[in-house]
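Now for the letters of each chain:
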Amino acid sequence: MAEILDGKAVSQHFKDQIKAEVEAMIALGKRAPHLVAILVGNDGGSQTYVAAKEKACHEVGFTGTVLRYPDTISQEELLKKVHEINEDSEIDGLIVQLPLPKHIDENAVTQAIKPEKDVDGFHDINMGKLAKGDTTGYTSATPLGITMLLKYYGIKTSGKHAVVIGRSNIVGRPMSILLSDSSETGNCTVTLCHSRTSNLKELCLQADIVVAAIGRPGFVKGDMIKPGAVVIDVGTTRLDNASKKAGWRLAGDVDFASASENASMITPVPGGVGPMTITGLMFNTLKSRKLR
Ligand code: NAP
């Protein structure tokens, strides 16, 4: 049976480090880092994610502000708010929770955030820096959190074959870049797979590290995992669960039961990549504060 990569515990470890840095900052009379999250509309998932980010801010000693707007807000009004925050010297990081209502161009909003405050790492400048291996920008929080998890467990990546399933700009593509970078948690040979990949199972079976970021519950089965491989499950799909109080449960992209028979290490859902994503965001916000 595979060892569980405990994202919750590792996330706490890094949050404790961040908190200690913030306390040292405050002891020197400096301002605590300040993260602002913009939340538009009433999407249940978005509300949960923003609440978790706000809670984490308080845990590490940041100022966390959530600005809530109705889904009738116009793109112009939203952009005006983004510009105001861009110019506010007391704010270090700004995130706009996605998805946005259909009448708003998500790309226009994402690109309006000053790259220096784009702690989600979605701006073209930050994506470009990532692609060039320039570490002065911000890396998308989920892939960043995964590299922190790999580092914590001392997982050797150099010379390994990593298969990343999913090529989104927020997870799969940046993950593939980080794993192929010349860095402590890189130097892999990376295969980036997507819905048009014809021999996915064959490729997965060659992988020492599998990262699944697809959004299809239980898609990666044990018979796709090479014995001893490390499996990172990014997927978080909300499934109805009438028996639970909340009425839903989170499902990963990996069939945990069968995959953990073959894997040497595996992340659970929940409690794996999710908490590490939040810690990645906290890390980026602290980085922004330190650069000011
Ligand atoms: P996305 O933008 O929908 O991208 C999904 C990717 O999966 C696409 O590249 C798609 O390929 C690929 N794909 C779909 N079906 C496939 C198949 N049958 N075989 C191979 N590839 C397939 O999703 P995302 O934003 O990256 O998110 C992926 C999952 O991670 C979701 O469950 C999301 O909720 C979760 N997530 C979790 C966290 C966290 O903190 N835990 C953070 C972000 C996202 P094409 O490009 O060809 O369409």
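Only a predicted model underlies this, so the values are computations on that prediction, with no experimental measurement involved. Positions within a chain are numbered from 1, following the residues in the order the chain's sequence is written. Residue-level local features of this predicted model are given only where pLDDT is at least 70; pairs of side-chain atoms are given and counted only at 80 or more, and the full residue set underlies all totals for whole chains, interfaces and linings. Only hydrogens and water are set aside; all other atoms, that is, all heavy atoms of the structure, feed into the side-chain values.

So, empty space enclosed by the protein
The cut-off we apply is this: Cavity means a closed set of points on a 1 Å grid over the protein atoms alone, one where a 1.4 Å probe fits but cannot get out, pocket means an open set with protein on both sides within 12 Å along at least 5 of 7 lines, and lining means a residue has an atom within 4 Å of a point. Grid points are joined across faces, edges and corners, and a volume is the space filled by probe spheres set on the points. Classes in brief: Ala, Val, Leu, Ile, Met, Phe, Trp, Tyr, Cys and Pro nonpolar; Asp, Glu, Lys and Arg charged; the others, Gly included, polar. Helix and strand definitions here come from DSSP, where helices need a minimum of 4 consecutive H or I residues and strands a minimum of 2 consecutive E residues; each element is numbered from the N-terminal end.
For the structure on display, the rule yields 2 cavities of 30 Å³ or more. Of the voids in this model, the largest cavity is the one considered here, and its volume is about 50 Å³. Lining the largest cavity are I95, V96, T110, I113, D118, D120 and F122. The residue inventory of the lining of the largest cavity, partitioned by class, reads 4 nonpolar, 1 polar and 2 charged. Taken together, L35, A37, K53, E54, C57, G64, T65 and V66 make up the full set of residues lining the second largest cavity. Contributing elements (two or more residues each) for the lining of the second largest cavity: β2 (34-40), α2 (44-60) and β3 (63-69). Residue composition of the lining of the second largest cavity, grouped by class: 4 nonpolar, 2 polar and 2 charged.

Some details on the domain arrangement of the protein chain
Applicable threshold: Where each domain begins and ends is defined by an automated method or by a domain database.
With domains assigned, the protein chain is organised as domain 1 (32-114) and domain 2 (141-274). Distance from the C-alpha centre of domain 1 to the C-alpha centre of domain 2: 28 Å.

Digging into the packing of helix α1 (residues 7-27) against helix α6 (residues 141-152)
Rules: Only the stretch in contact is used when fitting a helix axis, every axis being a line fitted to C-alpha atoms; angles between N-to-C directions are given from 0 to 180 degrees. Every angle not falling under 35 degrees, over 145, or within 65 to 115 is termed oblique; those three ranges are roughly parallel, roughly antiparallel and roughly perpendicular. Contacts were defined at the residue level, with two residues in contact if any of their heavy atoms lie within 4.5 Å.
Contact pair α1 / α6: the axes reach a minimum separation of 10 Å and the direction vectors enclose 95°. Classified by the angle their axes make, α1 and α6 are roughly perpendicular. Mapping the contact onto sequence places G7, V10, H13 and F14 in α1 and M148, L149 and Y152 in α6.

Concerning the pattern of salt bridges
Using the following cut-off: The term salt bridge refers to a pairing of a side-chain nitrogen on Lys or Arg with a carboxyl oxygen on Asp or Glu at a separation within 4 Å. Accessibility here uses a 1.4 Å probe with only protein chains present; expressed as a share of the type maximum, an area under 20% marks a residue as buried, one over 50% as exposed, and anything in between as partly exposed.
As enumerated under the stated definition, the model contains 10 salt bridges in all. Between E84 and K80 there is a salt bridge, with the nearest N and O atoms lying 3.9 Å from each other. On the criterion of helical spacing, the pair formed by E84 and K80 is a turn pair, its members being 4 residues apart in helix α3 (residues 75-86). By relative accessible area, which is 40% here, E84 ends up partly exposed. For K80, a relative accessible area of 56% puts it in the exposed group.

Considering α2
Helical geometry note: an α-helix holds 3.6 residues per turn, so side chains three or four residues apart project in the same direction. The criterion, for reference: Multiplying 1.5 Å by the helix residue count minus one yields the expected span of that helix. Note: the arc covers the axis-to-C-beta directions of the helix. Pairs of N or O atoms are called polar contacts if they sit within 3.5 Å, as long as, within protein, a hydrogen donor faces a hydrogen acceptor (for residues adjacent in sequence, only side-chain-to-side-chain pairs).
Here α2 spans 25 Å end to end across 17 residues, near enough to the 24 Å set by a 1.5 Å rise per residue. Among the residues of α2, G45, S46, V50, K53, A56, C57 and V60 are the ones counted as buried. Looking straight down α2, one finds its buried side chains confined to an arc of 125°; they lie on one side. Put simply, D43 is the residue that caps the front of α2, since its side-chain oxygen is 3.3 Å from the backbone nitrogen of G45. Count one or two residues on from α2 and you reach G61, which has phi positive near 90°.

Examining the nonpolar core
Formally: The term nonpolar core refers to a set of buried residues drawn from Ala, Val, Leu, Ile, Met, Phe, Trp, Tyr and Cys, joined through side-chain atoms within 4.5 Å.
L5, I146, L179, V211, V230, I232 and V234 are the most contacted members of the largest nonpolar core, which has 24 residues in total. Per-element tally for this core: the top contributor is α6, with 5 residues. Dropping the residues within four chain positions of it, V234 is found in contact with T142, I146, V171, V211, A212, A213 and V273. In this structure, I18, I95, I278 and L286 belong to the second largest nonpolar core, which totals 21 residues.

What to know about unusual backbone geometry
Residues apart from glycine generally show negative phi values, whereas peptide bonds are mostly found in trans. Omega for the bond connecting L98 with P99 falls within 30 degrees of zero, at 5°, which places this linkage in the cis form. Mapped onto the elements of the fold, P99 is located in the loop between β4 (93-96) and α4 (106-112). The omega angle of the peptide bond from V269 to P270 is 0°, so this bond is cis rather than trans. Summarising the element assignment, P270 is placed in the loop between β11 (265-266) and α10 (273-291). Of note, the phi angle at N187 is positive, near 60°, even though the residue is not glycine. Residue N187 is classed as partly exposed on the basis of its relative accessible area, which comes to 34%.

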